[in-house]
Every structure is written in structure tokens, then in C-alpha cells.
Amino acid sequence: MDQPINPSRRSFLKGSAVLAGGLIIGFHIPEKTRAADAAGSEQTFAPNAFLRIAPDDRITVIVKHAEMGQGVATSLPMLVAEDLEADWQKIGFEFSPVDPAYNHTVFGIMLTGGSTSIANSYEQMRKAGATARVMLTEAAADTWGVDASECSAREGRVHHGDNSLSFGELADKAAQLPPPAEVALKPKAEWRILGKPLTRLDTPAKTNGSSTFGADIYLEGMLTAVVARPPLFGGRVKSFDPAGAQRVEGVVKVAEVPNGVAVIAKDFWAAQKGRKALQVEWQAGPESDISSSGLEKLFREKAQESGNLAKKAGDVEQALKTAAKSVEAEYLVPYLAHAPMEPLNCVVKLDEQGCEIWTGTQSQTLDRKAAAEVAGLAPEQVQIHTQMLGGGFGRRASKTNDFVREAVAVAKALGDGTPVKTFWDRTDDIRGGYYRPMYLHKVHIGVDDKGQPSAWHHRVVGQQLMKGGPFEDAMIQDGVDATSVEGITDLPYAPANFQVEDQPVELPVTTLWWRSVGHSHTAFVTETMADEMAALAGKDPADYRRDAFQDHPRHLGVMQQVLKDAGWGKPLEQKGGVRRGRGLAVHKSFESYCAEVAEVSVQADGSFRVDQVYCAIDCGKIVNPDTIRAQMESAIAYGLAPVLKSRLTLQNGRVQESNFHDYEVLRMQEMPAVAVSIIDSDEKATGVGEPGLPPLAPAVCNALYAATGKRVRTLPVDSGRLAS
Amino acid sequence: MLELKVNGATHQVDVAEDTPLLWVLRDHLQLTGTKYGCGESLCGACVVHLDGQPSRACTTPAVAATGREITTIEGLSEKGDHPVQKAWIELDAPQCGYCQSGQIMSAVALLNRNPKPTDADIDNAMNGVICRCGAYNRIRAAIHRAAESMEG
Ligand code: FES
Ligand code: FES
């Protein structure tokens, strides 16, 4: 997803008040949240949709965002607990049901994406806590017959002189009080929780096997389905013979669903065997026979034509004509699968009561709507129980709700109300589409006769990933998909003559946002080209950037920090027989600023290792520094895989890769040492899950250049080219 | 009918002979801590111990596990307080957590045969266990931490 989308971008953004302050907490408390409290006690205090305090002092924070490893199930409770003056030891969490009270305050639907979970919840959660604190304090004051202003709340208790009552003891009374109209938030100087590296609430369950992911849902009598999907994009079922599958012991039903043929069985293994024994004839769709090499040619041709204008300043053509020196470059990046560790899955129980869904999703509201459509129900008749997500990276916010739709269709085809889990195996996941698109960039830059950067012309060729999704109208305007060019149009180095174009290509391959979306490829290009611009201007890459960042203080801030951490300018320690190099990249995404320096060692044959990455991040106010650090480490690892080896290859319309042996991802031996610095800031809290990724590829490739003198413009890196 | 001894308890399960141990644990015994990640011995999400040896449950036919002691993450310690689990918590190693049962079971097996592993020992032993969240540095650090605490 894009960063907090500019509210001027049409109307789908309603309550955008959050980022400007002045936010309303959902005081309407969804029935399901209330009912969910095991205590079911009258005395439970639930002042708003986001927390419950039980008489035994247990505090449950209702988390409206999906926890996929980014730590939101700890950071949202931290925000509540700070202003509640809670005892952190008493805090627990649960995931919210689908209800407007839990909508993303900017997107207006329940959605976890665009690294916006903290940004859109920051004030909302703090106010939810503060409201409860005021009510608990009043309840205590009332009990003691004193003025509330003389009482203070601290670590789960309200105090007045020698009197003290716990939140649990006050819960019943507080529940009778009206919520205050206005609450003040604690000043930073009094924070006890925010900014502290607290241990995650979900960690213990994730070390003993008890954490429940969607895949771990087992309901009474539940069946398991796998679906044979078209091997060609845009293909569909022509005919099928279920006999072989039906002969497999344990197979219960074989049925056509809109996207293929489902084999439903009493367990996964029987379903899988059934699918292997199934005969399906597929009907190819238009352009079903595409291949990666053919696409490369097509994209190259397309790159010769001008695209839709995303940004224009000055006269780039003229400036390039008169440039003293110029570089023209072509970049290519492949399709990428998200490959979360937990493959997609979705449990559906569809009967006359309605439709109940258990899954790990980043997009509850739209998934619910889609499920209702497939089931022929009203959205209110569909319940989604959000589970832990074994990784998301964008895949679990499906723009077409594909995996939920399909699972409901399977339940419908089964037709007898038995709960059924539709499970994707790894090959389904790798070949199932919804990829980070393949892109070709054509860039032409120049400096004038004084060595000053004078022109930057940038054309991006590829699919528009917002097409066919809920944000298409908002994000594709005047033929430009904002995500295709994000990170280029706001280039801090833009010279007076600057032109950015989006040259869209339509293909049957399904596409989706992948961790850091457009920035996943644009920063690779802009930040390696920035180094080339520095070279044209005869400057050190850091000096060139420092000059360009004069009006970009936060870019400058993270860069200065990372240069210091990395000892930029000091010679790298030499190791026998290897060429070493250091590379820098700085990029803003999801409203956060990130700079990275990578150090590489390159062998004579060109094989290389990223030894160390320094990272400096400015994401505004710090909620949990340890989470921020973990997310930087994570984004570096996730971003390094496609630099080293991840790629999808199409041949005759089929994805060649099928599992982790050929769709390779980062392994422990390849993990660089990572050192993270977090800028102390009072700016608004912004993205953390994605901004660490974009600078990684260019920092590594700039380091490879420093080591070998060879520019890298294609990912994954063809290390043979780096041989000495 | 197969007889399997899992975490000290004996179970009779009625499954097809070729069913991998992983799916018996998950689909039939509802021991869901052991995860599916690839089904082809490529990711390590399904690592369990067979007579103390780390084994990939996704490619181990359940029949091959009969007569052996099967230990899953649920049976590693009574209260989730094995030194490796404790180190994992202290360093907040998990992110999404999906790979972590396999990581922990692999780490325990490593420490059982090599109580004082070097970074290189750890990388070699753990390279087959994928973490898409990239928690590798914390996992490595947690193994060192556990090694120290097990030393006493
Ligand atoms: S699921 Fe067994 S190694 Fe991946
Ligand atoms: S913690 Fe998510 S895959 Fe390892």
C-alpha cells in the first residue's frame, strides 16, 4: 500500500483527522468484543472499543491491526497503557472483530498496510487509555469523597494520600460513569512505557508452539481443501475428471470453484494426493504464453515510447542535449513472490447461521465484503476471526480478496455446513500470482559544463499494481499509478530539468503490493543513479548527497548518522584476495527516512557477501525502539534476498519456480551483521515495517561498484559480471 | 492404525501409511506447534526430534516414526522454560513467529551435540531453517545466550 495517501486524492479517505489530530475514539463497543470477555462479568469496565479492565486487574487491549511480525500487538497496547497508567504486567491483547470502530482512521476500512498502523492509531490508542484513566480516577475520587484532581493514577492503581485502589477494584464503578469529552495526553517527560524497549507480548506463545496462526485452526469435523489452479495466468478450467481424485482414501468431494478445482478431504495429505490424481484440462486466456525473456523485449520496446507524465519540470530533453556529460541506463527487476513463511490458508464455516471465517488477513473489511458476495449474504452475516499471520508482506491484503473468496467458494461447493480449511502448499504460494511486478526503468541523467546536475529523465515500464484493486481510482490518475513512480517523483536530487513517466503494460499476471511497494524497485534505481550523478559531478557519493539534502533535513539527519556509524571515509579492513567496498543509499518511504551503508567482500569469481549493514532510521516518535530495530533487521534480510537470488521466471506462461530450492530466499549464512541507529524525534510517528527495505539494494550495489568498478542494474545481481 | 509416542504419550492414529509425520501431528493430534513451510525438506519449519535427533516431519513418513520418541515444541519443556526458549524470549527473537518452532527445535539439537557453538557452527547447523522475517541475527545471539546459561 502506499503511504498515508494524500487526502486530496478523492473521496475514499474519510476520517483523515488522525494525522491532523482531533480524533474520536469509537465509543460504540461492538457486541462481539464485549461478549468475548471470558469473565463475562458485569463489573468489567470497557470504556471504549479498545480496552477492557476486569475486576481481577487484567487489562485486555483490543488490537485492530494484523500482527504479522511487525510488533503491532505490542506497540498498540503500549500506546494505550501509557496514558492509562497501567501496570504493564497486567496487559494482554486480542484481535478485534470486524467493525467500523476498528477501521483504519485514514483508509476508512480495517486494513493493515502501508506501514501506517502506528501513524493512524497513535492518538486514538493513547486517548483510549487516557479516557479510561480519567474515569477510573473519578470512580476512586467518588469512593473516597475527594476531588478527582487530588487523586493520581499510577501503575494500575489510583492513589489519594494513604488510600489506594486497583483499576480492577474500580472497574465496576468506573463503568457507571460517562466518558469525559476531552482528555489530555501525558507529556513525554512523564512517559514510562513509550520509547522503552519492552519485550513483545506475543513472544512467549511464539516460543512454545501455542501461538495460533490461521493454519493452526482445527474445528470439530473440519475438512481440508486444496485447489488445482490454472497453471497459466488468465486461464480457466475447460474440463476435469474427478475419478482419480475420488478414488483416494479420505477425499470427500471434488468440485469446480471459480478459480479451479477443489479437492476436499478429511486431512491435508488426502487432499494433496487427490489433487495429484486429478485430471484437469485448462483453457488458456489471452497472452497466456508469455515468458520472461519475451517480456524483457516488450518492456524494452515500450521504453522507447514516452509514457504518461508523472512529473515534469524544465526541459529535460534540451538539458540532456546540452549536457557536458551524461549517462543513460536501463534497469531490470523481476517478478517476486511474497512467500510468507506461513502459506495462505482460510477456514470457512458456511451454514444457515451465516459465514464464519478464521484466517490471517491484513484486510478484514474488504475480505468480509467479498466473502459475503460469494456466499450470497450481507456483510454483517460474515464474521472474521483474525488469527496471527505467519508473515504478510502485503500478500495477506489481497486486492481481489482472492484467498478468502476462494475459500468461501470451496465451503459453498461443499454445501453441507462442515467447516473447511483451504490450504495452499508452497508451490501454490510461489505460483499463485499476486507478485511484485517486473519493471524496466530507463534513466538518462546529465551534468552541465560546470559539473552541476542538470537533467534527470526517468521512465518506468511495467504493470500498474493498483489496477483491479480497491484503490485503483484513488491511486491511478491521468494514466499514472502513483506506486509505479513513488520515490522517484519526490526525488530529493531532482535537478531543474526533471521528468518522470509511467509507461504501463497490461499483462495477465496478477500483481500486488510487496513489502515497500514501488519503493522496492524505485529506490534501487534512484539511489544507484544518484551515485552515478555524483561520479559525473566528480564528487564523493556522500558529499553529493549532502549538498542535495540542504533543504531535506531529515534525509540529511539519517545520512549523517549512518556515515558516522559506518566510519565512512575511513579505509575498510582488507582481507586477502577479496575486493571490498562500501556503498550508501538514503531513501524516504512511508513518511520515514532511512539511510543505509553496506559493506561487501567480492571474490575473484565475482561471488560476494554483504558483511555488514549500518542503518539509521527516522520514523518520528519512538514507540518501541526494539521493535524498530527488529523491523530494520527484517527489512534488510527481506530486501537482500532479491539482490542475491530471489526471482520468478515465466516460460510459456508458466512460473518455473516452485519451492524454496528454486525460489531462493535469505538464509542465516547470508545474513549480514546489522547495526541500527534510531533518530530521536518528536515528529509524528511514521512507518517502520517497510522503510528499511528500499535503501538496501542500492547500498549493496553501490558497494559492489566501489569494490569492482562495475555498475549493477539488474537484480538479482549477476555475480559473474563482477569477476576480476 | 499406527502407534506413535509423542512427547511421552502414546497415540493410536488411523491414517494412510504414507502420511508424513507432520500431518499426523497437525491434522490428527492437533499438535500445531510444528509447522508446514515447504513440504520438501527445504525450510525447517517442521523440525521435531526423533530419539533426540532433529528430523523434518514433512518428509518423514509417520510409519518411520513408530517405536521412536517423538518430541515436538509442545513437549520441549513443561512450562516453556527450556534455556533455549528463555533465551528466545530474552532477546525477543520471534517476529511473525511461524518459523520459530523449527528454529528452536534445531537450536536445541545443535546445543545437545555442541554445547559451545561458534558463529560458524550455528550458521552451518541453522542454515536450513528459513526465517522470512529475517530474525537470523537474534536467533544466532539467542543460541549463544542459551549456551551460556546451559553452561551454568
Ligand atoms: S515443511 Fe518440512 S522442511 Fe519445510
Ligand atoms: S519469525 Fe517470521 S518467519 Fe521467522
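Residues numbered from 1 in each chain as written. Chains lettered and ligands numbered in written order. Predicted model: local features only at pLDDT ≥ 70, side-chain atom pairs only at ≥ 80, totals over all residues. Heavy atoms only, no water.

**Points about the overall build of chain B**
Along its length, chain B carries five helices and five strands. Ordered by position from N to C terminus, the α and β elements of chain B give β-β-α-β-β-β-α-α-α-α. Taken over C-alpha atoms, the radius of gyration comes to 15 Å for chain B, in line with the 15 Å a tight globule of 152 residues would show. Taking the principal axes of the C-alpha coordinates as reference, chain B spans close to 45 × 30 × 25 Å. Within chain B, buried positions represent 60% of all 152 residues. When the accessible surface of chain B is totalled, it reaches about 5500 Å², and 46% of it is carbon and sulfur. Each charge class in chain B was averaged separately, 13 positive and 18 negative side chains, and the resulting centres sit 6 Å apart. (Helix = DSSP H or I, 4+ residues; strand = E, 2+ residues; numbered from the N terminus. Rg over C-alpha atoms; globule rule 2.2 N^0.38 Å. Buried < 20%, exposed > 50% of the residue type's maximum accessible area, 1.4 Å probe, protein only. Areas by Shrake-Rupley, 256 points an atom, 1.4 Å probe, with all protein chains shown as cover. Lys, Arg positive; Asp, Glu negative; His and termini not counted. Charge placed at Lys NZ, Arg CZ, Asp CG, Glu CD.)

**Focus on the overall build of chain A**
Broken down by element type, chain A carries 19 helices and 29 strands. Over its C-alpha trace chain A gives a radius of gyration of 27 Å, about what one expects of a compact globule, namely 27 Å for 724 residues. Taken along its principal axes, the extent of the C-alpha atoms in chain A is 80 × 70 × 50 Å. Averaging the locations of the 77 positively and 91 negatively charged side chains of chain A gives two centres separated by 4 Å.

**Some thoughts on the nonpolar core**
Residue and element names in this part refer to chain A. In terms of nonpolar packing, the biggest core is built from 278 residues, with Ile 357 and Val 700 touching the most fellow members. Of all the elements, helix H4 (residues 117–144) adds the most residues to this core, at 11 residues. In terms of nonpolar packing, the next biggest core, distinct from the first, is built from five residues, Ile 217, Tyr 218, Met 222 and Trp 358 among them. (Core = buried A, V, L, I, M, F, W, Y, C linked by side-chain atoms within 4.5 Å.)

**A few points about the domain arrangement of chain A**
Residue and element names in this part refer to chain A. Assigned domains within chain A: domain 1 (9–207), domain 2 (214–285 + 344–423) and domain 3 (292–335 + 435–722). Computed from C-alpha atoms alone, the centre-to-centre distance between domain 1 and domain 2 is 36 Å. A buried area of about 1300 Å², summed over both sides, lies between domain 1 and domain 2, and 63% of it is on carbon and sulfur atoms. When the buried surface of domain 1 facing domain 2 is broken down by residue, Met 68, Phe 95 and Val 98 rank first, second and third, together holding 40% of it. (Domains from an automatic or database assignment. Buried area = accessible area lost by both parts, 1.4 Å probe.)

**Section: the pairing of strand E17 (residues 382–386) of chain A**
Residues and elements named next belong to chain A. Residues of E17 alternate between two faces, with Val 382, Ile 384 and Thr 386 buried on one and Gln 383 and His 385 left unburied on the opposite face. One ladder, built from five bridges, connects strand E16 (residues 354–359) with E17; its direction is parallel. Looking at E17, one finds that Ile 357 is bridged to Ile 384. (Pairing = 2+ DSSP bridges.)

**Examining the interface of chain B and chain A**
Size of an interface, as often reported, equals the accessible area lost when the parts are brought together. Contact with chain B, which involves 50 residues of that partner, is made by 58 residues of chain A. In total, chain B and chain A occlude about 4600 Å² of area from one another, counting both sides; carbon and sulfur atoms represent 55% of this. In terms of surface lost to chain A, no three residues of chain B exceed Gln 95, Tyr 98 and Arg 132 of chain B, which account for 18% of the buried area on that side. Applying the counting rule to chain B against chain A returns five salt bridges. A salt bridge links Lys 35 of chain B to Asp 216 of chain A; the shortest N-O distance between them is 2.5 Å. Elements that contribute at least two residues to the side of chain B that touches chain A include exactly helix H1 (21–28), helix H2 (83–90), helix H3 (100–113), helix H4 (119–126) and helix H5 (136–151) of chain B. The biggest single contributor to the side of chain B that touches chain A is H5 of chain B, with five residues. (Contact = heavy atoms within 4.5 Å. Salt bridge = Lys/Arg side-chain N within 4 Å of Asp/Glu carboxyl O.)

**Here's the deal with the confidence of the model for chain B**
Taken residue by residue, chain B gives an average pLDDT of 97. The fraction at 70 or more is 99%. Note on the complex model: pTM 0.95, ipTM 0.98. (pLDDT = per-residue confidence, 0-100.)

**Thoughts on the domain arrangement of chain B**
All names here are of chain B. Looking at the assigned domains, one finds that chain B contains domain 1 (2–75) and domain 2 (83–151). Using only C-alpha atoms to locate each centre, domain 1 and domain 2 end up separated by 21 Å. Each partner contributes to the interface: domain 1 provides 14 residues, whereas domain 2 provides 12 residues. Around 1100 Å² of area is buried between domain 1 and domain 2 when both sides are counted, 60% of it from carbon and sulfur atoms.

**A short note on empty space enclosed by the protein**
Residues and elements named next belong to chain A. Under the criterion given, the structure shown has 11 cavities of 30 Å³ or more. Looking at the largest cavity, its volume works out to about 520 Å³. What lines the largest cavity is a set of 39 residues, among which Gln 70, Ser 115, Gln 631, Val 688 and Gly 689 lie closest to the centre. Contributions of two or more residues to the lining of the largest cavity are made by helix H3 (72–84), H4 and helix H18 (625–644). (1 Å grid on protein atoms, 1.4 Å probe; cavity = no way out; pocket = protein on both sides within 12 Å on 5 of 7 lines; lining within 4 Å. Points joined across faces, edges and corners; volume = space filled by probe spheres on them.)

**Quick word on the sheet that holds strand E1 (residues 2–6) of chain B**
Residue and element names in this part refer to chain B. Taken together, the five strands give an open sheet; going across it, the order is E2-E1-E5-E3-E4, and neighbouring strands pair in mixed fashion. A single partner strand is all that each edge strand has here, and the edge strands are strand E2 (9–13) and strand E4 (53–56). Recorded for the sheet is a direction-independent mean angle of 40° between the axes of neighbouring strands. Taken together, the two bridges between strand E3 (residues 47–50) and strand E5 (residues 69–71) define a ladder with antiparallel strand orientation. (Axes fitted to C-alpha atoms, helices over the stretch in contact; angles between N-to-C directions.)

**A look at the packing of helix H10 (residues 364–375) of chain A against helix H11 (residues 402–414) of chain A**
Residue and element names in this part refer to chain A. Between H10 and H11, whose axes approach to 9 Å, the crossing angle comes to 30°. Comparing the axis directions of H10 and H11 gives the class roughly parallel. By crossing handedness, the relation of H10 to H11 is classed as right-handed. Facing H10, whose interface residues are Asp 367, Ala 370, Ala 371, Glu 373, Val 374 and Ala 375, H11 presents Val 404, Arg 405, Val 408, Ala 409 and Lys 412. Considered class by class, the residues forming the contact of H10 with H11 number seven nonpolar, no polar and four charged. (Parallel < 35°, antiparallel > 145°, perpendicular 65-115°, else oblique. Left-handed = near helix turned anticlockwise from the far one by under 90°. Nonpolar A, V, L, I, M, F, W, Y, C, P; charged D, E, K, R; others polar.)

**Here's the deal with helix H8 (residues 292–302) of chain A**
Residue and element names in this part refer to chain A. All buried positions along H8 are accounted for by Ser 292, Leu 295 and Phe 299. Viewed along the axis of H8, the buried residues span an arc of 55°, placing them on a single side of the element. The inward-facing, buried residues of H8 abut strand E19 (439–447), strand E20 (453–462) and strand E27 (650–651). (Arc of directions from axis to C-beta.)

**Notes on the environment of Pro 419 of chain A**
When you line up the elements, Pro 419 of chain A lands in the loop between H11 and strand E18 (420–423). In this view, Pro 419 of chain A contacts Leu 219, Glu 220, Gly 221, Met 222, Leu 223, Val 348 and Lys 349 of chain A; residues no more than four positions away in its chain are not counted.

**Here's the deal with the pattern of salt bridges**
In total, this model carries 53 salt bridges over all chains according to the counting rule given. Arg 58 of chain A is the partner of Asp 56 of chain A in a salt bridge, and the nearest nitrogen-oxygen pair spans 3.1 Å. Here Asp 56 of chain A falls in the partly exposed class, since its relative accessible area comes to 46%. Measuring nitrogen to oxygen at the nearest pair gives 3.0 Å for the salt bridge that ties Asp 18 of chain B to Lys 273 of chain A. With Asp 18 of chain B in the loop between E2 and H1 and Lys 273 of chain A in helix H7 (residues 268–276), this residue pair bridges two chains. For Lys 273 of chain A, a relative accessible area of 26% corresponds to the partly exposed category. Three or more residues are tied together by salt bridges with common partners; here these are Lys 575, Arg 580, Arg 582, Glu 599, Arg 609 and Asp 611 of chain A.

**Topic: the side chain of Thr 528 of chain A**
Residue and element names in this part refer to chain A. Mapped onto the secondary structure, Thr 528 falls in helix H15 (residues 519–536). Engagement of the side chain of Thr 528 in a polar contact is seen with the side chain of Tyr 331, the distance being 2.8 Å. One polar contact links the side chain of Thr 528 to the main-chain carbonyl oxygen of Phe 524, over a distance of 2.6 Å. If near-sequence neighbours (up to four positions away) are discounted, Thr 528 is found in contact with Tyr 331, Ala 523, Pro 698, Cys 701 and Asn 702. (Polar contact = N/O pair within 3.5 Å; in protein donor to acceptor, adjacent residues only side chain to side chain.)

**What about the layout of surface pockets?**
Residue and element names in this part refer to chain A. Each pocket or cavity is described by its volume, and for the largest pocket that value is around 1300 Å³. Residue lining of the largest pocket: 49 residues in total, with Val 227, Ala 228, Arg 229, Pro 230 and Asp 428 positioned closest to the centre. Contributing elements (two or more residues each) for the lining of the largest pocket: strand E8 (223–228), H7, strand E12 (279–283), H11, helix H12 (426–431) and strand E28 (654–655). Per element, the largest residue contribution to the lining of the largest pocket is five residues, and it comes from H7. Residue composition of the lining of the largest pocket, grouped by class: 24 nonpolar, 11 polar and 14 charged.

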